[in-house]
Amino acid sequence: MTLYIGLMSGTSLDGLDIALIDQTATRCTLIGSHYVPMPSSLKHKLLELCSAGDNELERAALAEQDWVHLAAQGIEQLLSEAQLSTSHIRAIGSHGQTVRHSPSDGYTIQIGNPALLAELTRIDVVADFRRRDVAAGGQGAPLVPAFHAAIFGDPAKERAILNIGGFTNITLLSPSHPIEGFDCGPGNVLMDAWINEHKGEPYDQFGAWAASGSISSMLLNAFLSDSFFAKQGPKSTGRELFNLSWLKQKLSMLPAIPVADVQATLAELTAISVCDSLRLAQPTCAELFICGGGAHNEFLLKRLSAYLPETLVTTTDALGVSPDWVEAMAFAWLAHCFVERIPGNCPDVTAAKGPRILGALYPA
């Protein structure tokens, strides 16, 4: 067995997903997983780093140390549960925590101190995957399409893989076309922020609060007027654009809307931005498989199905992979690609100048 660990901490900031894979020349198999909830104090520190503030360099350095200690503890627990030692693991693929993403300005920033992670775990760490793609003129995101193609591609079917995290990204897989993919817009990020502000909950479980409201066409049109939704891929986005201030600015231009209706309309924004993108880019898509935390939002999945009556809409469970672990598996796989000197980006997805080997090695 050749074992890799993938470490993913997404824009939702709910916790760290840690996946253990067995990677052969032709197959990637999930053999273990562990979830570490994000402490509220660390989540607050990381959220503050997503926008300009005082003493950012020191605050980022201290926050990433806390993040790494949390990750190292999670990896230790995963290895204990799997009854493995550090010597069994070829490498850790660490995404780090995105705090800024602006490829149009030539940068993307993921903090996560891979040197400290290698020191604490005594395992080789491959990290900093996105910046090589950005250096080659790409968006640096999404990076999962190559992995989606490797484990979910079907030589006879047109299908799409939709990741719903803080933001949504979609991968288009076709027997007759190169891999395509791009960010569609906000996923959970605005819904999480809105329910947290009004109900003190970290997320809308199963989409129940959204389901209790009514969709406001007036508010939905205001959302969709943002120029991001008119762009075609390659494109990517983040908290720099879609955040609570963006939402409140849209609301300030309209008559008062009940808070539950706002939540329902945010879910509708996620659904329609995905489906409009899919219909435009792959109108004959037969199957849409969903992964990420949003795969548990029953209301959102119903809205996606309503917009795509001719398409099978389900989760990656149907393909034998839990939707909760797909992204962490992807970064374990990207570590494998780095070790084997296999390009990990898709130029048609990110608009990079060509295939690139992604990541940098921090030896144990």
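Residues numbered from 1 in each chain as written. Predicted model: local features only at pLDDT ≥ 70, side-chain atom pairs only at ≥ 80, totals over all residues. Heavy atoms only, no water.

A. How the structure looks around the state of the cysteines. The full count for this structure, using the stated rule, is zero disulfides. The thiol sulfur of Cys28 is not disulfide-bonded, and the nearest other cysteine sulfur, from Cys337, lies at 9.6 Å. The thiol of Cys291 is unpaired, and the distance to the nearest cysteine sulfur, on Cys184, comes to 12 Å. (Disulfide = S-S within 2.5 Å.)

B. Region of the structure containing the UniProt feature "binding site: ATP" (unreviewed entry) in the protein chain. Under the UniProt annotation, "binding site: ATP" (unreviewed entry) lies at Gly10, Thr11, Ser12, Leu13, Asp14, Gly15, Leu16 and Asp17. By secondary structure assignment, the location of Ser12 is in the loop between β1 (3-9) and β2 (15-23). According to the relative accessible area criterion, Ser12 is buried, its value standing at 14%. Dropping the residues within four chain positions of it, Ser12 is found in contact with Lys43, Gly165, Gly166, Asn188, Asp192 and Arg239. Structurally, Leu13 is set in the loop between β1 and β2. Setting aside chain neighbours within four positions, we find Leu13 in contact with Met38, Lys43, Leu46, Leu47, Gln97 and Arg239. (UniProt positions renumbered as here; feature names shortened; annotations may be inferred. Helix = DSSP H or I, 4+ residues; strand = E, 2+ residues; numbered from the N terminus. Buried < 20%, exposed > 50% of the residue type's maximum accessible area, 1.4 Å probe, protein only. Contact = heavy atoms within 4.5 Å.)

C. Seen up close, the domain arrangement of the protein chain. Parsing the protein chain into structural domains produces domain 1 (1-139 + 324-360) and domain 2 (142-317). Computed from C-alpha atoms alone, the centre-to-centre distance between domain 1 and domain 2 is 23 Å. Contacts between domain 1 and domain 2 engage 27 residues on the former and 31 residues on the latter. Summing both partners gives a buried area of about 2400 Å² for domain 1 against domain 2, and 63% of it is carried by carbon and sulfur. Its largest share of buried area at the contact with domain 2, domain 1 owes to Thr11, Val326 and Val349, together 25% of the area lost on that side. Seen at the junction of domain 1 and domain 2, the total is zero salt bridges. When residues in the side of domain 1 that touches domain 2 are grouped by element, the largest group, six residues, is from helix α12 (residues 326-339). Classifying every residue of the side of domain 1 that touches domain 2 by side-chain character gives 16 nonpolar, six polar and five charged. (Domains from an automatic or database assignment. Buried area = accessible area lost by both parts, 1.4 Å probe. Salt bridge = Lys/Arg side-chain N within 4 Å of Asp/Glu carboxyl O. Nonpolar A, V, L, I, M, F, W, Y, C, P; charged D, E, K, R; others polar.)

D. Seen up close, the nonpolar core. One finds Ile170, Leu288, Ile290 and Leu304 to be the most contacted residues of the largest nonpolar core, which totals 45 residues. If one sorts the elements of this core by residue count, helix α10 (residues 259-281) sits on top with ten residues. (Core = buried A, V, L, I, M, F, W, Y, C linked by side-chain atoms within 4.5 Å.)

E. Here's a closer look at unusual backbone geometry. Put simply, Ala141 and Pro142 share a cis peptide bond, and its omega is -10 degrees. Structurally, Pro142 is set in the loop between α4 (130-135) and α5 (145-152). The step from Gly233 to Pro234 runs through a cis peptide bond, and the omega angle for that step is 5 degrees. Here Pro234 shows up in the loop between α8 (217-224) and α9 (244-252). Positive phi outside glycine occurs at Phe206, with the angle close to 60 degrees. In this fold, Phe206 is placed in the loop between α6 (189-199) and α7 (208-212). Here Phe206 falls in the partly exposed class, since its relative accessible area comes to 44%.

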